[in-house]
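What the coordinates show
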Amino acid sequence: MLSTSTSTLVFWFLTILIVASALAVVLLRNIVHSALFLILTFVGIAGIYILLNAEFLAAVQILVYAGAIAILVVFAVMLTRRGDISESNLFNKNYLAAGVLCLALFILNTFLIGQTFWTIKSGEPPLNNVGAIADAFLGRYVLPFEVAAVLLLVAMVGAILLARGVNQDQ
Amino acid sequence: MAMEGIFTGIAASMRELLAGAPPWLENLSMGFLYLVGVLAFIFLNALYLIYLERKISAYMQQRIGPNRLGPHGLLQSVADAVKLLGKEDIIPRGADKWVFLIAPILIFIPATMLYAVIPFGKGMIAADLNIGVFYFLAVASTTTIAILMGGWSSNNKYTLLGSMRSVAQMVSYEIPLTFSVLGVVMLAGSLQTSQIVMAQEKVWYVLLQPVAFIIFFIAATAEVNRAPFDLVEGEQELIAGPYTEYTGMRFALFYSSEYANLVSVSALAVTLFLGGWHGPWLPSWLWFVIKLYIMIFIFMWVRWTFPRIRIDHLLSFNWKVLLPLSLANILVTGVGIKIYQLLTLGRW
């Protein structure tokens, strides 16, 4: 849809937005600001999906992450109502351990990206990919799909049990 | 039918004017034109829906309502807007300044983006996305963030409580809203708003999906924070909820975004259930507008008729009544579609 130069421009804009706001999530001292920048990161990733002609995925990204992350913000607010909110996302001195861990993760990711065989196709992307996603979910991958649903249900029941506690009288 | 093509004609002549220009310039200017049209529509509606709301509430309470400025008080909202423009922009000392300042601007981004997929008439749609309805729901879900930002950054107990309620309410009611829309999507076989309107040429989906329509209506009332679900800003408990600390134009932005959202959910209801722009004799966009204002009137009627409900009742009603009902509706719709196919086509 977009010409190559425009899409490259948009890609770099989105990339800088995503990386900058992801850095802000880590570096800001106020945990609510961090959470808000996390939402911005997710919106940027949705933009990348749109650039890849995966509009459905972009909408899911917005609905699930950007929309539901708001709840996370609420919890962040509720959990940090003690003392000074501007010092709620603090740093510590474990530079060495963190550095080693990050480096290891970076090397692992780079290695995996290098190892993966990427298929490159030159044809036009399909105009409507909702039907294909639905077919895959309810056809070939119906079992993993249902298992994921059951897993979520179990997690939900567990969370409710943890929050309410088992009735001691019984 | 000269009336029919009045808006599509403007768009076409604009395109002709830009015919020589490179395609990116043409698309950019057409996008700008759509944006200006949508913004004009939103602000005119916000201005006059406030007047309409005050008049309707007045008649329902046997009062007269605004009647001093202009004929029948028609200029009252304009005067109010001018007054708000001139007011001092106060930032509370304890507020989180930047979040406080951008929240009212941010709330307008989803409110405006929602109109992109609304078919106002035959061929009158800004962006005919193939995931139209889903786009609408996804963008609408981000409204919560701006309300939360405003409520939290004001650093005030009432605003924080109001925004907590707003998140609990909007996130919960989003689920039955989405599920009620699924019934329509299953019947139309498309997420594209223009296709859904096309599919309703003979029979409106409100007749085929009455339960879904009722669920949609209730959930939409909760989504736009209107009575009986206006706990977010319940005056007697929370002053004005998340908007308590806002003054002047920033308050006006929040306030008019509420009306922008009211118009957009009504427009979605018309598109999904009331046949969109279909109708005899009159031009298509006029039919759309007539149906739109009937929906808005019903929203206002409900607001001034029912008392506010309690927060725990609100949430248990959502999870224990609306959600199972909307799931059952999906099941019945699916079975119904299969039986219909069996009867008419003789195969599954």
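Residues numbered from 1 in each chain as written. Chains lettered and ligands numbered in written order. Predicted model: local features only at pLDDT ≥ 70, side-chain atom pairs only at ≥ 80, totals over all residues. Heavy atoms only, no water.

Along its length, chain B carries 15 helices and zero strands. The C-alpha radius of gyration of chain B comes to 21 Å, within 12% of the 20 Å expected for a compact globule of 348 residues. C-alpha extents for chain B along the principal axes are approximately 70 × 60 × 45 Å. Counting all 348 residues of chain B, 51% fall into the buried class. Within chain B, counting contacts between residues at least 6 apart in sequence, those at least 24 apart form 75% of the total. For chain B, the accessible surface area stands at approximately 16600 Å², while carbon and sulfur atoms represent 71% of it. In chain B, 22 positive and 19 negative side-chain charges are present, and the distance between their average locations comes to 5 Å. (Helix = DSSP H or I, 4+ residues; strand = E, 2+ residues; numbered from the N terminus. Rg over C-alpha atoms; globule rule 2.2 N^0.38 Å. Buried < 20%, exposed > 50% of the residue type's maximum accessible area, 1.4 Å probe, protein only. Contact = heavy atoms within 4.5 Å. Areas by Shrake-Rupley, 256 points an atom, 1.4 Å probe, with all protein chains shown as cover. Lys, Arg positive; Asp, Glu negative; His and termini not counted. Charge placed at Lys NZ, Arg CZ, Asp CG, Glu CD.)

In this description, a pair of aromatic rings is defined by centroid distance and the angle of the planes. Residues and elements named next belong to chain B. Following the criterion strictly, the structure yields 19 aromatic pairs over all chains and no others. Summarising the aromatic geometry, the rings of Tyr 246 and Phe 254 are spaced 4.9 Å apart at their centres and angled 65° between planes, so their arrangement reads as edge-to-face. Note on accessibility: Tyr 246 and Phe 254 belong to one class, buried. Taken together, the ring pairs in this structure connect Phe 41, Tyr 115, Phe 120 and Phe 288 into an aromatic cluster. Between Lys 97 and the ring centre of Trp 98, over which it is positioned, the NZ or CZ distance is 5.8 Å. (Phe/Tyr/Trp six-rings, centres within 6.5 Å; stacked < 30°, edge-to-face > 60°. Lys NZ or Arg CZ within 6 Å of the ring centre and 35° of its normal.)

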